[in-house]
Amino acid sequence: MRILFFGDYSNLHACLAKELRRRGHEVSVISDGGGYMQTARDITLKRDAGIAGSLKYLSSVFSLIQRLKDYDVVQLINPNFLSLRPGKIKYFFDILKGNNRGVFLTLAGDDYFFTKACLEGRMFRFSEFCVGDRKTEFENQSHRGEKWIGNELRILNEHIYNNVDGAMSVLPEYDMAARPILGDKLVFTNIPVDLENLKWRLPDISGKIRIFIGMRGGMEIQKGTAILLDVALELQRELPEMCEVVVARNLELNEYLRRMSISNIVLDQLYSYSPGTNGFQAMALGPVAGTGAQPEFYEYIGESCRPIIALSPLTDTEQTLRELILNPERMEIMSREARELVERHNDVAIVADKFEKHWNSILC
């Protein structure tokens, strides 16, 4: 098949593309490289700041879209797969839909339906927008949730949900929010991880416990990493002989993974029900992941083994981490079980099988 991945988050589509090329498919990836992450892509499409950058970006999109024809599959990373106003995105989506055999949607990141479910507070106990009926600091500062459920984005998201041929949810919470709308057009796949390039090793607990936390510029409040960093630094002050905090800021992906691999604990997200790409990569490499791991996540993937430090705004993160630092031998068991969990559910070969099966079930 000729496959085009349009957009990417945290190397998700690039990871799938690599596996699908191994299988003989002709695959291309369009993305901005994830900024400083510099993830793999075949065509770079990036919007620079300022009026000149906006005009250049729009011109590039016009030129590019006209050439994107006769693909068997166009897989969009999100309804907002372009850095444009909703009306323009809708216009370019319709061109892609008309010029290609099938257009599919990856449910990754925020969109209208997911954000609406978060703000309504009935489906989720917490999110980056609300904890219970209380708005988070991130929502109070950014009003991002309010923007996502605005009329323009509602129209765009409804149009894309109604007109894609199929969709793939990579996290349970995205699946939960979208399934009432998409029904059988939707399949749950999990996030892919290229285990061939992520070699597991048992964390060394003979010295200080290294608590690793990656800080992405502009997302510290949204993902809760600013809160997690404060907790980690407090534990370092309390237990200076037992633990140390390592902070990575805006690193290229390969260097980021190298530094992560020599840590004991990786703190990822506070407001998620499930591990994201960062958490799964940590689990594959060996460090114990502190991230989203709510019961719904384990139920969705059918696992009774629970090797993740379950973080949420409803639990005492500091006490949870303190107990693990004081009992580091538990990390060896958690590390082994976490790697096995990723092998069962997130190996890129397993996830690519689900994408291929869904494409074929709809296109054939």
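Residues numbered from 1 in each chain as written. Predicted model: local features only at pLDDT ≥ 70, side-chain atom pairs only at ≥ 80, totals over all residues. Heavy atoms only, no water.

Chemist: Just checking my understanding: could you explain the overall build of the chain for this structure?
Modeler: The helix and strand tally for the chain stands at 15 helices and 14 strands. Taken over the C-alpha trace, the chain has a radius of gyration of 20 Å; the compact-globule value for 364 residues is 21 Å, and the two agree within 12%. When its C-alpha atoms are laid out on the principal axes, the chain stretches across 60 × 45 × 40 Å. Burial status across the chain gives 55% buried among its 364 residues. Put simply, 69% of the contacts in the chain that link residues at least 6 apart link residues at least 24 apart. If you sum the accessible surface of the chain, you get close to 15,400 Å²; carbon and sulfur atoms cover 49% of it. Between the centroid of the 44 positive side chains of the chain and the centroid of its 49 negative side chains there is a distance of 5 Å. (Helix = DSSP H or I, 4+ residues; strand = E, 2+ residues; numbered from the N terminus. Rg over C-alpha atoms; globule rule 2.2 N^0.38 Å. Buried < 20%, exposed > 50% of the residue type's maximum accessible area, 1.4 Å probe, protein only. Contact = heavy atoms within 4.5 Å. Areas by Shrake-Rupley, 256 points an atom, 1.4 Å probe, with all protein chains shown as cover. Lys, Arg positive; Asp, Glu negative; His and termini not counted. Charge placed at Lys NZ, Arg CZ, Asp CG, Glu CD.)

Chemist: What is the right way to read the sheet that holds strand S10 (residues 209-215) from this model?
Modeler: The strands that make up a sheet are held in pairs by hydrogen bonds between backbone atoms, and each pair lies either parallel or antiparallel. One open sheet accounts for five strands, arranged S11-S10-S12-S13-S14; its pairing is parallel. At either margin of the open sheet sits one strand with a lone partner, and together these are strand S11 (243-249) and strand S14 (309-310). Taken together, the three bridges between S10 and strand S12 (residues 265-267) define a ladder with parallel strand orientation. By the bridge assignment, Phe-212 is partnered in S12 with Val-266. Running at roughly 150° to S11, helix H9 (residues 225-238) makes contact with S10, S11 and S12 of the sheet. (Pairing = 2+ DSSP bridges. Axes fitted to C-alpha atoms, helices over the stretch in contact; angles between N-to-C directions.)

Chemist: Even after reading the chapter, I still don't get helix H8 (residues 172-182), so can you show me in this structure?
Modeler: Structurally, the α-helix is built with 3.6 residues per turn, so residues lying three or four positions apart point the same way. In terms of burial, H8 is largely enclosed, as eight of its 11 residues are buried. Along H8, the residues that are buried comprise Pro-172, Glu-173, Tyr-174, Asp-175, Met-176, Ala-177, Ala-178 and Leu-182. Taken together, the buried residues of H8 touch strand S5 (103-107), helix H4 (112-120), helix H7 (151-163), strand S8 (166-169), strand S9 (186-188) and helix H12 (295-301). Gly-183 occupies a position one or two residues after H8 and carries a positive phi of about 55°.

Chemist: I would appreciate a short explanation of the sheet that holds S5 in the present structure.
Modeler: Reading across the sheet, the seven strands line up as S3-S2-S1-S4-S5-S8-S9 and stay open at both edges, with parallel pairing between neighbours. Each edge of the open sheet is held by one strand with a lone partner, namely strand S3 (43-44) and S9. As paired elements, S5 and S8 share four bridges and run parallel to each other. Residue pairing for S8: Leu-105 is matched across the bridge by Ala-167. Along the sheet, helix H1 (residues 12-22) contacts strand S1 (2-6), strand S2 (26-31), strand S4 (73-76) and S5; its crossing angle with S2, the most-contacted strand, is approximately 165°. The strands touched by H8 are S5, S8 and S9; relative to S9, the strand with the most contacts, the crossing angle is about 160°.

Chemist: Honestly, the pattern of salt bridges in this entry has me stumped. Any pointers?
Modeler: When the charged atoms of two side chains with opposite charge come close together, those side chains can pair. In this structure the tally under the stated criterion is 27 salt bridges. For the salt bridge of Glu-26 with Arg-2, the shortest nitrogen-to-oxygen distance reads 3.2 Å. Of the two residues, Glu-26 is situated in strand S2 and Arg-2 in strand S1; the sequence distance between them amounts to 24 residues. You can call Glu-26 partly exposed: its relative accessible area is 45%. The salt bridge involving Arg-23 is made with Glu-19; its shortest N-O contact spans 2.9 Å. Overall, Arg-23 belongs to the partly exposed group, its relative accessible area being 29%. Through salt bridges with shared partners, a single ionic network connects Lys-18, Glu-19, Arg-22, Arg-23, Asp-194, Asp-353 and Glu-356. (Salt bridge = Lys/Arg side-chain N within 4 Å of Asp/Glu carboxyl O.)

Chemist: Before we go on, may I ask you to explain the packing of helix H11 (residues 277-285) against helix H14 (residues 330-345) in this structure?
Modeler: Two packed helices can be described by the angle between their axes and the distance between those axes. Contact geometry of H11 with H14 gives a least axis separation of 7 Å together with a crossing angle of 120°. Classed by the angle they form, the pair H11 and H14 counts as oblique. Read as a crossing pair, H11 and H14 show a hand that is left-handed. Side by side, H11 and H14 meet where Phe-280, Met-283 and Ala-284 of the first sit next to Ala-338, Arg-339, Leu-341 and Val-342 of the second. Taken together, the residues that form the contact of H11 with H14 break down as six nonpolar, no polar and one charged. (Parallel < 35°, antiparallel > 145°, perpendicular 65-115°, else oblique. Left-handed = near helix turned anticlockwise from the far one by under 90°. Nonpolar A, V, L, I, M, F, W, Y, C, P; charged D, E, K, R; others polar.)

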